[in-house]
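Here are the chains, one letter per residue:
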Amino acid sequence: MGLGLGLGASTSGYTPFTLTSVSNLSLWLQNGVGLSATSGKVQTWNDSSGNNNHAVQTNTDYQAEFSGGGLDFEEGDFDHYNMTSSTVIADEGGFCVAWVMDAETSTNNTLISDSSQEQIRIQNASKIRIMTNNPSNLASVLHFDSAPFGAAKALFLLNRTAGASGAFTLFKNGVSVSFDDSSGDSTLADAGENTHGFDFDTIGASNSGGGNFFDGKILEFAFWSKSLNATEIADVNSYLKGIHGL
């Protein structure tokens, strides 16, 4: 009894870390939470951020199957989801996106997009493409020195700092991944910079369902409308690694 009382006293007022512990969380498709499935097909994945920005697909032909607490997208079935509302990042605004995936293919897997070409898309095993449109259209490709986007389940976190010199960093399973600044695959001189704004209203396909469909599982997805600092990045990576056993 004494031990029980002691534990209660020491933990009173303690709030465990979750993704909502980091401010400006705009969207959180949480593993195993808020998924509405019929016959294995998921119509809705509710947003756990508190913003009610749910992922919805009413057309059963385009619904992904429930798998591992997330969604199993099939490229050939055109699986994708529309968001209840659009998320907007202003010109020179920072943002962070974290996701856990188990891809079946490594080519042209779109994470998020809008109808006006904006998107974040895994181009192949070593490249990720970011397309923005505010104040003008711009495509940047980060070409990594390794091939981080393989076929195994993994956690990724992509962070862009705010301001005129905004730059990207990528983490895989909590470890920073280096990329080649002068790969020549970007419309910018430095492939690590792109300060333009964008918005998105679709997950799993480019151009709001027009192509480049994701192929594989998205087990968790979170988006912050700000850049995260080093402590926040470490906390998010630690939390998601623990949840997904990575």
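Placed above this text is the structure.
Residues numbered from 1 in each chain as written. Predicted model: local features only at pLDDT ≥ 70, side-chain atom pairs only at ≥ 80, totals over all residues. Heavy atoms only, no water.

Caption draft 1: Representation of the overall build of the protein chain in the model. Scanning the protein chain from terminus to terminus reveals 2 helices and 17 strands. Out of the 246 residues belonging to the protein chain, those deemed buried represent 48%. Of the contacts formed within the protein chain by residues at least 6 apart in sequence, a portion of 66% connects residues at least 24 apart. Here the protein chain has roughly 10,200 Å² of accessible surface; of this, 49% comes from carbon and sulfur atoms. (Helix = DSSP H or I, 4+ residues; strand = E, 2+ residues; numbered from the N terminus. Buried < 20%, exposed > 50% of the residue type's maximum accessible area, 1.4 Å probe, protein only. Contact = heavy atoms within 4.5 Å. Areas by Shrake-Rupley, 256 points an atom, 1.4 Å probe, with all protein chains shown as cover.)

Caption draft 2: Geometry of the packing of aromatic side chains. Evaluation of the coordinates by the stated rule reveals 15 aromatic pairs. Arranged with centres 5.8 Å apart and planes meeting at 65°, the rings of Phe 17 and Tyr 239 form a pair that is edge-to-face. On the criterion of sequence distance, the pair formed by Phe 17 in the loop between α1 (2–11) and β1 (25–29) and Tyr 239 in helix α2 (residues 230–244) is long-range, its members being 222 residues apart. Under the relative-accessibility criterion, Tyr 239 is labelled buried at 16%. Here the aromatic rings of Trp 28 and Tyr 239 are separated by 6.4 Å at their centres, their planes lie at 70°, and the arrangement is edge-to-face. Linking Trp 28 in strand β1 with Tyr 239 in helix α2, this pair joins segments that are 211 residues apart in sequence. Exposure class is identical for Trp 28 and Tyr 239. Each is buried. (Phe/Tyr/Trp six-rings, centres within 6.5 Å; stacked < 30°, edge-to-face > 60°.)

Caption draft 3: Layout of the pattern of salt bridges. Inspection of the entire model under this criterion finds 1 salt bridge. With a closest N to O distance of 2.9 Å, Lys 226 and Glu 232 form a salt bridge. An identical accessibility class is assigned to Lys 226 and Glu 232; each is buried. (Salt bridge = Lys/Arg side-chain N within 4 Å of Asp/Glu carboxyl O.)

Caption draft 4: Highlighting the environment of Gly 245. Within the secondary structure layout, Gly 245 lies in the segment after α2. Put simply, Gly 245 and Lys 153 are 92 residues apart on the chain and 9.9 Å apart in space, counted from C-alpha to C-alpha.

Caption draft 5: Quick look at the pairing of strand β14 (residues 168–172). The pairing of strand β13 (residues 154–160) with β14 spans 5 bridges and is classified as antiparallel. Opposite Leu 158, over in β14, you have Leu 170 as the bridge partner. Here 3 bridges tie β14 to strand β15 (residues 175–177), and the two strands are oriented antiparallel to one another. Bridge pairing in β15 places Lys 172 opposite Val 175. Linking two consecutive strands that pair antiparallel, namely β14 and β15, is a turn of 2 residues; a positive phi of about 50° is found at Asn 173 within it. (Pairing = 2+ DSSP bridges.)

Caption draft 6: Quick peek at the pairing of strand β3 (residues 41–45). The sheet contact formed by strand β2 (residues 35–38) and β3 spans 4 bridges and is antiparallel. Within the sheet, the bridge partner assigned to Ser 36 lies in β3 and is Thr 44. Summarising the sheet, β3 and strand β4 (residues 55–56) pair through 2 bridges and their orientation is antiparallel. The partner of Thr 44 across the bridge, within β4, is Val 56.

Caption draft 7: A look at the side chain of Asn 109. Residue placement: Asn 109 occurs in strand β9 (residues 109–113). In this structure the side chain of Asn 109 is engaged in a polar contact, spanning 2.9 Å, whose partner is the backbone nitrogen of Asp 215. Not counting the four nearest positions on each side in its chain, Asn 109 is found in contact with Ala 103, Arg 121, Ile 122, Asn 212, Phe 213, Phe 214 and Asp 215. (Polar contact = N/O pair within 3.5 Å; in protein donor to acceptor, adjacent residues only side chain to side chain.)

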